[in-house]
Amino acid sequence: MQQPVKVLVTGANGQLATEIRELATAHHEMIFDFAGRDRLPVTDAEAIQRHFEAFQPDYCINCAAYTAVDKAEEPGESEIAERINAIAVGHLARACTIHGTKFIHISTDYVFDGTASAPYKPEDATHPLSVYGATKLKGEQLAREHTDAVVIRTAWVYSSFGKNFVKTMIRLMNERPAISVVNDQLGAPTYARDLARAILDIIAAPHWIPGTYHYTNEGVISWYDFAMAIKEHIHSACVVNPIPSEAYPTPAKRPAYSVLDTTSIKEAYGVRTPYWVSSLTECIKILTR
Ligand SMILES: NC(=O)c1ccc[n+]([C@@H]2O[C@H](COP(=O)([O-])OP(=O)(O)OC[C@H]3O[C@@H](n4cnc5c(N)ncnc54)[C@H](OP(=O)(O)O)[C@@H]3O)[C@@H](O)[C@H]2O)c1
């Protein structure tokens, strides 16, 4: 009989990790260790080494991250973001090399500046506009420097768990008669459950092809389009007004166009990237049941 595959998931209480946990019960061929910040602070290199020695994971999925994109621009925050999004990734990657663990690291569309007019391919030039994007880019580089990692850039992540655009929109639409949403930033949303499924498919695949990949749902929309779809799904009477980004200034600059080309992850691992509307429908069904 084949030995079960041991999978360590860091940042275990975040959106993506929680979705992996939801799917994990169906994977009897895998033993999971979901480690949150309390049990495995990824900024602590020694704690990581001890954890790897005890659990001896075959795979490590790094879901831990500093994701407060605007807060990262505040004084003193960039160092914290750098410790979690960059230096800690180096600690994890080194532990993976020492223990022969395959490393799956999650990154972001915010490594790009959004000046492209066609979907970004993994090998396209990066140029982050924000502290968050810059620290995530450093994290990717450290992951690749120390391991034969699979780095997956994703975008606009939402889930029935945690804080995200879909849940914020539902709350605001229930509270207010009208809201304004930017209509000049284009991208593709990602239902964290779809990404979680893709990651588990990569682990279950018969081959391991290291590299940088892109994963989002299919489609190209603006945040305004996304808000309108959410409004329709929940049958809200709230008026949604489209506005330009200048009318909603945020501390962190965001790419105007951050559509990611997902061809290579589909070719390498045969993962599915469902159309964004069907995934939104699935998530809202869970949120409103
Ligand atoms: N959310 C998005 O829209 C988006 C878009 C593109 C890419 N991504 C990337 O996708 C990945 C998953 O994101 P997500 O949406 O699941 O993020 P999330 O919900 O914010 O979860 C991140 C988790 O990391 C944990 N964490 C933070 N610092 C830690 C530390 N020092 N040690 C251990 N754990 C720590 C957090 O714990 P606490 O709860 O204790 O803070 C949180 O549970 C991240 O790499 C993120 O950069 C996200």
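Structure report, in brief. (Residues numbered from 1 in each chain as written. Predicted model: local features only at pLDDT ≥ 70, side-chain atom pairs only at ≥ 80, totals over all residues. Heavy atoms only, no water.)

What about the overall build of the protein?
Here is step 1 of the chain: In terms of helices and strands, the protein carries 9 helices and 12 strands.
Here is step 2 of the chain: Computed over C-alpha atoms, the radius of gyration of the protein comes to 19 Å, within 12% of the 19 Å expected from 2.2 N^0.38 for 289 residues, which places it in the range of a compact globule.
Here is step 3 of the chain: Reported as C-alpha extents along the three principal axes, the dimensions of the protein are approximately 55 × 40 × 35 Å.
Here is step 4 of the chain: The buried share among the 289 residues of the protein stands at 54%. (Helix = DSSP H or I, 4+ residues; strand = E, 2+ residues; numbered from the N terminus. Rg over C-alpha atoms; globule rule 2.2 N^0.38 Å. Buried < 20%, exposed > 50% of the residue type's maximum accessible area, 1.4 Å probe, protein only.)

A look at the sheet that holds strand 4 (residues 102–108)
Here is step 1 of the chain: Across the sheet, 6 strands lie side by side as 2-1-3-4-5-10; this open sheet has parallel pairing. Each edge of the sheet is formed by a strand with only one pairing partner; in this case those strands are strand 2 (30–35) and strand 10 (211–214). Sheet twist, expressed as the average angle between the axes of neighbouring strands with direction ignored, equals 20°.
Here is step 2 of the chain: Strand direction decides the pairing type here: strand 1 (residues 5–10) and strand 2, joined by 6 bridges, are parallel. Opposite Val-9, over in strand 2, you have Phe-34 as the bridge partner. (Pairing = 2+ DSSP bridges. Axes fitted to C-alpha atoms, helices over the stretch in contact; angles between N-to-C directions.)

Re the side chain of Thr-18
Here is step 1 of the chain: Position of Thr-18 among the secondary structure elements: in helix 1 (residues 15–24).
Here is step 2 of the chain: There is a polar contact of 2.5 Å between the side chain of Thr-18 and the backbone oxygen of Gly-14.
Here is step 3 of the chain: Filtering out sequence-adjacent residues up to four positions away, Thr-18 remains in contact with Ala-12, Asn-13 and Phe-161. (Polar contact = N/O pair within 3.5 Å; in protein donor to acceptor, adjacent residues only side chain to side chain. Contact = heavy atoms within 4.5 Å.)

Some details on the environment of Val-131
Here is step 1 of the chain: Along the chain, Val-131 turns up in helix 4 (residues 131–146).
Here is step 2 of the chain: Relative accessible area serves as the criterion here: at 21%, Val-131 is assigned to the partly exposed category.
Here is step 3 of the chain: Spatially, the C-alpha atom of Val-131 lies 9.5 Å from that of Glu-79, the residues being 52 residues apart in sequence.

A word on the pattern of salt bridges
Here is step 1 of the chain: What the rule picks out here adds up to 12 salt bridges.
Here is step 2 of the chain: For Asp-33, the salt bridge goes to Arg-39, with nearest N and O atoms at 2.5 Å.
Here is step 3 of the chain: The network of salt bridges with common partners includes Glu-19, Glu-22 and Arg-193. (Salt bridge = Lys/Arg side-chain N within 4 Å of Asp/Glu carboxyl O.)

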